[in-house]
Amino acid sequence: MIRLPALLVLGLLAACSSPKPAADNSAQAQAVTAALPVVISTAKGGHRFDVEVAATPQEQEKGLMFRKELAADGGMLFPMDPPRTASFWMKDTLIPLDMLFIHTDGTIAFLKSNAEPYSRIPVSAGIPVAAVLELRGGRAAELGIAEGDRVNWGGCAVPGGKVTTDRNFCPAAPR
C-alpha cells in the first residue's frame, strides 16, 4: 500500500513540472549559410558548383567527414588566407573525393582524383595554395576538369548575378 502514495506523488510532480523549453534553433539556422557559387573554366567551358565553405579551423578540421553522399554539383571549399601548403587526409571520410588545390592565380595546381575513403595518407600540392576544393569523387574526370583550369568563386563566379558574400575570388585572367 505504501507504493501507491509514492506513485501518486511522482505523478503529481510530473504533472506540475513545466515542460522543457523548445530548443533555440536560431543559432543553428544562422550557421547554415547559402551555398557559395564556384565556377571552374575548362577547355570544354565553365561548370558551376554550389559549395559549402569551411572557413574556421574547426570547420576545416571536420570538412566532409562522415558524409554518406555529396551532390553532383556540390562540394566544400577550404579557403587558405594567407595562402599556405595544405595537406588533407581521408581518415573519417566515407566517400571518395576529388581534391583540387588552387593556386593564388586561380589555376588548379594539383588535382587528386578519387581520394580513397578512410586513408591516412596525406594529400598535398606541396606548394602554398589559395584554397582547396573538394568535389564528389570522379566528378572532375566526368567534366574534363584538369590541372591548369581556372577557378573563381563568389560574385566573380557569377558576374551580374545576385551573390551577397565577402568571399570573392577574382584572380586576373592570364594575358
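Above this text sits the structure in question.
Criteria and cut-off values
- Residues numbered from 1 in each chain as written.
- Predicted model: local features only at pLDDT ≥ 70, side-chain atom pairs only at ≥ 80, totals over all residues.
- Heavy atoms only, no water.
- Pairing = 2+ DSSP bridges.
- Helix = DSSP H or I, 4+ residues; strand = E, 2+ residues; numbered from the N terminus.
- Core = buried A, V, L, I, M, F, W, Y, C linked by side-chain atoms within 4.5 Å.
- Buried < 20%, exposed > 50% of the residue type's maximum accessible area, 1.4 Å probe, protein only.
- Contact = heavy atoms within 4.5 Å.
- Salt bridge = Lys/Arg side-chain N within 4 Å of Asp/Glu carboxyl O.
- 1 Å grid on protein atoms, 1.4 Å probe; cavity = no way out; pocket = protein on both sides within 12 Å on 5 of 7 lines; lining within 4 Å.
- Points joined across faces, edges and corners; volume = space filled by probe spheres on them.
- Nonpolar A, V, L, I, M, F, W, Y, C, P; charged D, E, K, R; others polar.

What follows covers the pairing of strand β6 (residues 123–136). Sheet topology places strand β3 (residues 76–88) next to β6; eight bridges connect them, and they run antiparallel. Pairing of R84 across the sheet is with V129, part of β6. Pairing between strand β4 (residues 97–102) and β6: six bridges, direction antiparallel. Opposite I102, over in β6, you have A131 as the bridge partner.

Our next topic: the nonpolar core. Counting residues in each nonpolar core, the largest one holds 20 residues, and the members touching the most others are V38, I40, F49, L100, L133, I145 and W153. Only β1 (36–42), β2 (45–53), β4, β5 (108–115), β6, α4 (139–143) and β7 (150–153) provide two or more residues apiece to this core. With four residues, the single largest contributor to this core is β6. When sequence neighbours within four positions are dropped, the list of residues in contact with F49 reads L36, P37, V38, I40, A72, D73, G74, L135, R139, L143 and I145.

Turning next to the pattern of salt bridges. Evaluated as defined, the whole model comprises six salt bridges. Here R48 and D50 are joined by a salt bridge, their closest N and O atoms 3.0 Å apart. The exposure class assigned to R48 is partly exposed, which follows from its relative accessible area of 40%. What you see here is one network of salt bridges that share partners, running through D73, R136, R139 and E142.

What follows covers the layout of surface pockets. The calculated volume of the second largest pocket comes to roughly 280 Å³. Elements that contribute at least two residues to the lining of the second largest pocket include exactly α3 (57–62), β3 and β4. Here the element with the most residues in the lining of the second largest pocket is β3; it accounts for six residues. The residue inventory of the lining of the second largest pocket, partitioned by class, reads 10 nonpolar, four polar and six charged.

On to unusual backbone geometry, then. In the segment running from D81 into P82, the intervening peptide bond is cis, with an omega of 5 degrees. Counting through the fold element by element, P82 comes out in strand β3. Despite not being glycine, N114 shows a phi value in the positive range, around 45 degrees. Structurally, the position occupied by N114 is in strand β5. N114 sits in the partly exposed class, given a relative accessible area of 41%. Positive phi outside glycine occurs at Y118, with the angle close to 70 degrees. Along the chain, the position of Y118 falls in the loop between β5 and β6. Here Y118 falls in the exposed class, since its relative accessible area comes to 52%.

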